[in-house]
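One letter stands for each residue in the lines below.
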Amino acid sequence: MSESKGFKIFTGNAHPKLAKDIADILGVPLGEAKVSTFSDGEISVDIGETVRGVDVFIIQPTNEPVNDNLMQLLIMIDAFRRASAGRITAVMPYYGYARQDRKAKARDPITAKLVADILTAAGADRVLTMDLHASQIQGYFNIPVDHLLGVPILGKYFAENGFDQRDDVVVVSPDLGSVTRARKFADRLHAPIAIIDKRRPRPNVAEVMNIIGDIKGKTCILIDDMIDTAGTITNGANALMKMGANEVYACCTHSVLSGPAIERINESVIKELIMLNTIDLPAAKSSPKFRVLSVAPVFAEAIKRIYEEMSVSKLFD
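Residues numbered from 1 in each chain as written. Predicted model: local features only at pLDDT ≥ 70, side-chain atom pairs only at ≥ 80, totals over all residues. Heavy atoms only, no water.

## With respect to the overall build of the protein
Helix and strand counts for the protein come out as eight helices and 14 strands. Rg of the C-alpha trace for the protein: 20 Å, near the compact-globule value of 20 Å for 317 residues, within the 12% margin. Taking all 317 residues of the protein together, the buried fraction comes to 54%. For the protein, the computed accessible surface area is about 14,300 Å², with 49% contributed by carbon and sulfur atoms. Charge-centre separation for the protein: the mean point of 37 positive side chains lies 3 Å from the mean point of 39 negative side chains. (Helix = DSSP H or I, 4+ residues; strand = E, 2+ residues; numbered from the N terminus. Rg over C-alpha atoms; globule rule 2.2 N^0.38 Å. Buried < 20%, exposed > 50% of the residue type's maximum accessible area, 1.4 Å probe, protein only. Areas by Shrake-Rupley, 256 points an atom, 1.4 Å probe, with all protein chains shown as cover. Lys, Arg positive; Asp, Glu negative; His and termini not counted. Charge placed at Lys NZ, Arg CZ, Asp CG, Glu CD.)

As structure tokens, this is what we get:
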């Protein structure tokens, strides 16, 4: 693919390395765009090349600092829209505010819907993302949403390391909401699944109540869409070991790893944590327990297919 075909890739400040990797795979240079701030903190965007009639892809996960990265994305979309870009695709490997997808109690906001509305109002024509915390968020948009999955990348890693040939592997869902993801992952390894029954007395706090399934003497693989404070994943791993598991691995798509997360994982019984680089996390390089896999090839293929008006559905599995 070449730049002359009419598409360009730009990035904000959230994850420039991922954007560069995607551009390299597609064989195009990153577009010239500088995102900076004024002395009072207001965001400034300077587009250094023409985008008139061009298919523009803006790569910007909205991880911490969430609000800054989201505003950068919105202002970039507005800048490209006013510069007469042909089509603008917001490439959000990680979609911030996705956990606020419903009213859990009276007077709660549904912020995931609000963000969808703001992105559309800013001028985005399409959204490309991976592993939304709740798949129904796709329905919050009135524009096309391509929802990629992290399970194939994670499953390939474990299969390449021989886990699909072992009969002692059990894939464990850390809660009832992740059962579908765990089952798809388990199918790739030809393994059974188990489920951790937990409750949340308050946000970012999880208590393990029971484990459904046979995990005694087994190698367990915990899989979740994201790990934030790591309380769920480490408590689940500890419970599995107490109930007779031989060893515990963990994997996730989004390594938010806020607060005490890294310390908790390093001190936990988890043997290895495999995560995808949807979020730029330099701290992950400092721990021998962490292994980071790249999503750049999948996003590059999705961008190519969107630009060439080809089916993207084969990338969903």
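## Here we look at the packing of helix α1 (residues 16-26) against helix α8 (residues 296-307)
A pair of packed helices can be characterised by two numbers: the angle between their axes and the separation between those axes. With their axes 9 Å apart at the nearest point, α1 and α8 run at an angle of 60° to one another. Regarding the angle of α1 to α8, the classification is oblique. Both α1 and α8 take part in a crossing whose hand is right-handed. Along the contact surface, α1 presents Leu-18, Asp-21, Ile-22, Ile-25 and Leu-26, while α8 presents Ala-296, Pro-297, Phe-299, Ala-300, Ile-303 and Lys-304. When the residues that make up the contact of α1 with α8 are grouped by side-chain class, the tally is nine nonpolar, no polar and two charged. (Axes fitted to C-alpha atoms, helices over the stretch in contact; angles between N-to-C directions. Parallel < 35°, antiparallel > 145°, perpendicular 65-115°, else oblique. Left-handed = near helix turned anticlockwise from the far one by under 90°. Contact = heavy atoms within 4.5 Å. Nonpolar A, V, L, I, M, F, W, Y, C, P; charged D, E, K, R; others polar.)

## Examining the sheet that holds strand β6 (residues 126-130)
Taken together, the five strands give an open sheet; going across it, the order is β1-β4-β5-β6-β7, and neighbouring strands pair in parallel fashion. Looking at which strands have only one partner, the edges of the open sheet turn out to be β1 (7-11) and β7 (145-148). Strand-to-strand twist of the sheet, defined as the mean angle between neighbouring strand axes without regard to direction, takes the value 20°. One ladder, built from four bridges, connects strand β5 (residues 87-92) with β6; its direction is parallel. Note that in β6 the partner of Met-92 across the bridge is Thr-129. The strands that helix α2 (residues 66-82) touches are β1, β4 (55-59) and β5; relative to β5, the one it contacts most, it runs at about 165°. Sitting on the sheet, α8 is in contact with β1, β4, β5, β6 and β7, with an inclination near 160° to β6. (Pairing = 2+ DSSP bridges.)

## A few points about the UniProt feature "binding site: ATP" (unreviewed entry) in the protein
In this numbering, the UniProt entry assigns the feature "binding site: ATP" (unreviewed entry) to Asp-40, Gly-41, Glu-42, Arg-99 and Gln-100. These annotated residues cover 61 residues of sequence, and their C-alpha atoms reach 30.2 Å apart at the extremes, leaving them scattered rather than at a single site. Structurally, the position occupied by Asp-40 is in the loop between β2 (33-37) and β3 (43-47). Locating Glu-42 in the fold gives a position in the loop between β2 and β3. Those residues in contact with Glu-42, other than ones at most four positions away along the chain, are Ser-36 and Thr-37. (UniProt positions renumbered as here; feature names shortened; annotations may be inferred.)

## Quick look at the UniProt feature "domain: Ribose-phosphate pyrophosphokinase N-terminal" (unreviewed entry) in the protein
Taking the numbering used here, the UniProt-annotated feature "domain: Ribose-phosphate pyrophosphokinase N-terminal" (unreviewed entry) corresponds to residues 8-123. In the segment residues 8-123, helix accounts for 34% and strand for 22%; the C-alpha atoms at its two ends are 17 Å apart.

## A few points about the packing of aromatic side chains
Enumeration according to the criterion identifies nine aromatic pairs in this entry. Here the aromatic rings of Phe-10 and Phe-80 are separated by 4.6 Å at their centres, their planes lie at 50°, and the arrangement is tilted. Residue Phe-10 is located in strand β1, and its partner Phe-80 is located in helix α2; the two are separated by 70 residues in the primary sequence. Take Phe-10 and Phe-80: they sit in the same class, and that class is buried. Plain terms: the ring middles of Phe-158 and Phe-163 are 5.1 Å apart, the flat faces sit at 85° to each other, and that makes the pair edge-to-face. Classification of Phe-158 by relative accessible area gives buried; the value is 0%. Given a relative accessible area of 6%, Phe-163 falls into the buried group. An aromatic cluster of at least three residues, connected via ring pairs, comprises Tyr-157, Phe-158, Phe-163, Phe-185 and Tyr-249. One residue, Arg-166, lies across the ring of Phe-163, its end atom 4.9 Å from the ring centre. (Phe/Tyr/Trp six-rings, centres within 6.5 Å; stacked < 30°, edge-to-face > 60°. Lys NZ or Arg CZ within 6 Å of the ring centre and 35° of its normal.)

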